[in-house]
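Per-entry structural report
Residues per chain, in single letters:
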Amino acid sequence: MDNEADGFAADIRKACLTLPDPAAESIFAHVYVEETAELARQRQELTTYQASFAD
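In this report, we go over the structure that sits alongside the text. (Residues numbered from 1 in each chain as written. Predicted model: local features only at pLDDT ≥ 70, side-chain atom pairs only at ≥ 80, totals over all residues. Heavy atoms only, no water.)

1. Some thoughts on the overall build of the protein chain
Rule in force here: A helix here means a DSSP run of H or I that spans at least four residues, while a strand means a run of E at least two residues long, and both kinds are numbered starting from the N terminus. Categorising residues by exposure relies on relative accessible area from a 1.4 Å probe, with only protein chains included: less than 20% of the type maximum marks a residue as buried, more than 50% marks it as exposed, and the intermediate range marks it as partly exposed. Computed by Shrake-Rupley with a 1.4 Å probe, the accessible areas treat only the displayed protein chains as cover when residues are assessed.
Along its length, the protein chain carries two helices and zero strands. On the principal axes, the C-alpha backbone points of the protein chain span a range of 50 × 35 × 10 Å. Residues classed as buried in the protein chain amount to 4% of the 55 residues present. In the structure as shown, the protein chain presents an accessible area of about 5100 Å², 59% of it carried by carbon and sulfur atoms.

2. Considerations on the packing of aromatic side chains
Let me state the cut-off plainly: Classification of ring pairs rests on two measures: the distance between centres of Phe, Tyr or Trp rings, Trp counted by its six-membered ring, which must be within 6.5 Å, and the angle between planes, read as stacked under 30 degrees, edge-to-face over 60 and tilted in between.
Scanning the entire structure with this criterion turns up one aromatic pair. Each ring, one from Tyr49 and one from Phe53, has its centre 5.0 Å from the other, and the planes form 85 degrees; the classification is edge-to-face. With a relative accessible area of 52%, Tyr49 lands in the exposed category. By relative accessible area, which is 55% here, Phe53 ends up exposed.

3. Examining helix α1 (residues 2–17)
As a reminder, the rule being used: Residue count minus one, scaled by 1.5 Å, sets the expected span of a helix.
Compared with the 22 Å implied by 1.5 Å per residue over 16 residues, the 22 Å span of α1 between its first and last C-alpha is a close match. Among the 16 residues in α1, zero count as buried, and that is only a small part of the element.

4. Examining the environment of Ala24
Among the secondary structure elements, Ala24 is positioned in the loop between α1 and α2 (37–51). With relative accessibility at 38%, the residue Ala24 sits in the partly exposed group. Residues Ala24 and Leu46, spaced 22 residues apart in sequence, show a C-alpha to C-alpha distance of 8.3 Å.

Written as structure tokens, this is what we have:
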């Protein structure tokens, strides 16, 4: 049983590590049901900040 559980845990860890990185701004989609003005401002600041690194 322990060997089976260890194998399952290893498979889950491997699967998690292969997940793609989410876009940083995606966090704003899961904070409130409706976006507040403050949240919109923060999202825009992040977008502007990230754009400053574009070549």
